[in-house]
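Below are the chains, spelled out letter by letter.
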Amino acid sequence: MFDTFNLAQLPAEDEAIRPAIRKLVEDATAATPADIRARSWLGFSREFSLRLGAEGFLGLTLPKRYGGQERGPFARFVVVEELLQFGAPVAGHWIADRQSAPLILHYGTDEQRDFYIPRVCKGEFLFCIGMSEPNAGSDLASVRTRAERTDKGWVVNGQKIWTTISMHADYMIALVRTSGTPDDRHKGLSQLIIPLKAPGVTVKPIIDLTGDAHFAEVFFENVELGADALVGQEGEGWKQVTAELAFERSGPERVYSSVVLLDAWVRHLKAVGRTDSATTALVGQYTARLATLRAMSIACTARLVAGESPVVEASLVKDLGTSFEQDLPIAIGDDLAAHPDEPVDAELYRTLKFVTHIAPSYSLRGGTREILRGIIARGLGLR
Amino acid sequence: MEQNELLEPFARMLEAVATPALVRKVEEGEGADVMWNAVVESGFLDALVAEDAGGFGLSLADVGPLFQALGRFAVPLPVGETMIARALLAAGGAALPEGAIALSTGVADGEAIVPLASVCRHVLADRGDRLELIAIAAGAATDTGVRGDLSARVSLAGPAIATLSRPEGGLRAVAAVLRSALISGAAERLLEMTTDFANERVQFGKPIGRQQALQQNLAVMAEDVIATRISSQLACAAGLGSKVATAATAKAIASAAAARIANTAHAVHGAIGISEEYDLQLLTRRLHEWRLSDGSEGYWTGILGAARLADGPALTVDWVREHVFA
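Small disclaimer: the values here were computed from a predicted structure and weren't measured.

## Describing the overall build of chain A
And step 1. The helix and strand tally for chain A stands at 13 helices and eight strands.
And step 2. The C-alpha atoms of chain A give a radius of gyration of 21 Å, which matches the 21 Å a tight globule of 383 residues would have.
And step 3. In chain A, the proportion of contacts linking residues at least 24 apart, taken out of those at least 6 apart, comes to 77%.

## Let's talk about the interface of chain B and chain A
And step 1. Listed per partner, the contact involves 41 residues of chain B and 44 residues of chain A.
And step 2. Only α6 (170-200), α7 (212-237), α8 (244-269), α10 (297-310) and α11 (316-323) of chain B provide two or more residues apiece to the side of chain B that touches chain A.
And step 3. Classifying every residue of the side of chain B that touches chain A gives 23 nonpolar, 13 polar and five charged.

## With respect to the domain arrangement of chain A
Residues and elements named next belong to chain A.
And step 1. Domains assigned within chain A are domain 1 (12-125), domain 2 (128-235) and domain 3 (250-379).
And step 2. Between domain 1 and domain 2, the C-alpha centre-to-centre distance is 24 Å.
And step 3. Counting only elements with at least two residues in the side of domain 1 that touches domain 2, the list comes to α6 (91-107) and α7 (110-121).
And step 4. Here the side of domain 1 that touches domain 2 takes seven residues from α6, the largest share from any one element.
And step 5. Residues that form the side of domain 1 that touches domain 2 fall into these classes: eight nonpolar, four polar and one charged.

## What about unusual backbone geometry?
In most cases, non-glycine residues show a negative phi, while peptide bonds are predominantly trans.
All names here are of chain A.
And step 1. Backbone geometry places I165, a non-glycine residue, at a positive phi of 50°.
And step 2. Topologically, I165 is positioned in the loop between β3 (153-164) and β4 (171-177).
And step 3. According to the C-beta neighbour criterion, I165 is buried, with 22 such atoms within 10 Å.
And step 4. The backbone of N222 sits at a positive phi, close to 45°, despite the residue not being glycine.

## Comments concerning the sheet that holds strand β1 (residues 101-104) of chain B
Residues and elements named next belong to chain B.
And step 1. If you trace the four strands from one edge of the open sheet to the other, you get β1-β3-β4-β7, paired in mixed fashion. Across the chains shown, the open sheet's two edge strands, defined by having one partner strand only, are β1 and β7 (162-165). Taken pair by pair, the neighbouring strands of this sheet meet at an average axis angle of 20°, ignoring direction.
And step 2. Looking at chain direction, strand β3 (residues 122-126) and strand β4 (residues 130-135) are connected through five bridges and run antiparallel. Among the inter-strand pairings, H122 is bridged to a residue of β4, identified as A135.
And step 3. Its contacts with the sheet put helix α5 (residues 79-91) on β1, β3, β4 and β7, and the angle it makes with β1 is roughly 85°.
And step 4. On top of the sheet, α6 reaches β1, β3 and β4; it is set at about 120° to β3, its chief contact.

Conventions used here
Residues numbered from 1 in each chain as written. Chains lettered and ligands numbered in written order. Predicted model: local features only at pLDDT ≥ 70, side-chain atom pairs only at ≥ 80, totals over all residues. Helix = DSSP H or I, 4+ residues; strand = E, 2+ residues; numbered from the N terminus. Rg over C-alpha atoms; globule rule 2.2 N^0.38 Å. Contact = placed C-beta atoms within 7 Å. Nonpolar A, V, L, I, M, F, W, Y, C, P; charged D, E, K, R; others polar. Domains from an automatic or database assignment. Buried ≥ 20, exposed ≤ 12 C-beta atoms within 10 Å, placed from the backbone. Pairing = 2+ DSSP bridges. Axes fitted to C-alpha atoms, helices over the stretch in contact; angles between N-to-C directions.

Spelled out as structure tokens, the structure:
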């Protein structure tokens, strides 16, 4: 089963870009405390995204004629791994680089490619994903936001919610209904590019339980768009979204969300010199799991390189990866509180609390655990 | 060599000589010679022996799929162990003995329970600073008393027929890599059997595989199977002189997964799965045996964690790249 999902190696030419991205990331994060770096790909800095673009670290999978580096998914893996292990503030360009630009490349018109992709590669155009709605979460086919055809293009009414970085983004690629009713399910859905500065768009940030506002509600009230807002084919939105989600689920970001906490804990253990057998077994367990997930993530990247859309493989890696990311703060919390007389510095304490509180989101964003397991079950031939 | 050119004849041979009925016979003490001779005749025992010493000169990465096949067919003979022992003996310039060779990876020199020793003539034993090949005298292997178990309690006091230098991490690290591949092969077969069963077995008017509760459990089983496969492939890629951290990763993952995989396979099958005549038990008993052989998950996570805390890069991703990845 899953016969093509096997060990793969990062090619030497892609490994070769590691020192350059590493130097940039080390410089940029040297003064940032661990609890801020633990925001992982929710940390936002437009300046940092622009800098990555200027130095050629965005658009690694995109063609040169659109301003990309034409290096492929393995190169992107190396760059993303360095960004995540240091907890660099990548939220700004994250979605644009990972899925919006590839989506436009694949389904867009020449004009759309020429307009958007070069600016994504420079870190200038930031995108967010317009999928979830108040009544369409895991059941994405029940979206109600509507786009009606007009003489000039489209007029959009409705609402999106839980939209990560929408308060900073320039554009949303929204899944909307262009015909029929929610009862038509997968039929009649389309994807539109909506400029978030357009009249009729209101973005209201939502404060999360850590006190951050990384996501928001987005309201559309008679938002007028040109005919060129449509990406791909009218009515093909469901198929396009499925392909887009494979990009979203297959990267190493589904493995490394809490790695900054892991490193802060190991630093603590070394500082206090704890080497008893319970401690080494716990450190070993998380080291083995991380190493295996890294190998699985590279194996999944190899399927992208082979031109496949590894929907089931990506779901396997993401579900196992988010389990690791979520188990980690629970285990570290237990370990530290099982040694109540050990001094824990304030930065580690804040990092642990932040990751503990935000961790439930890891298995919600990009497809819930239950949805992913359903996809895997289908891959096994069970439904 | 093309992977399939190697695997196909090997799997075909096992399909003929390691049917569930023949595996049961060997476990009951009959027919081990017939099965063993078929393996000898196939020539594969020298797959890992260098070409200039008369072998195929293959790497552990090449041979990994063969180990998986041995797991898949629940082969009750130390084929992988003998392949590894013959490669180490040949590399050390020692003569290659006839018959199966068991691996004793503890450093005890008194008595030890050695996997599959009851069908072996020799043991390659780790002495802590060297490896020694010793003969098992007739009648010197004592049955463990566990039904169908071919492990035996063996005296390791015998004189050395050959002495070899000890690889990094000792014999236990390379044996752990073999176990991880065996677990991976058996686990994949269990996943297939369990999915097929779930699609065929009807309760409440539909196949039980249509129940979301079962689907979720089988999805987790598939995750364990793939994690075991890929970590084992990673360890095989590191070669016979396996890095300890890589072997530790593979065996820690495989051993922890083995118990969960066996549990889910049995839970889905229900009572039929624990009956002797149904083939599931041939595989689930092996998973438990291999999980404990040559260090469980608790042993290897301890080794890996101690190494992680001892030295190397500060960041875990860097550490893993340097110590676990080849």
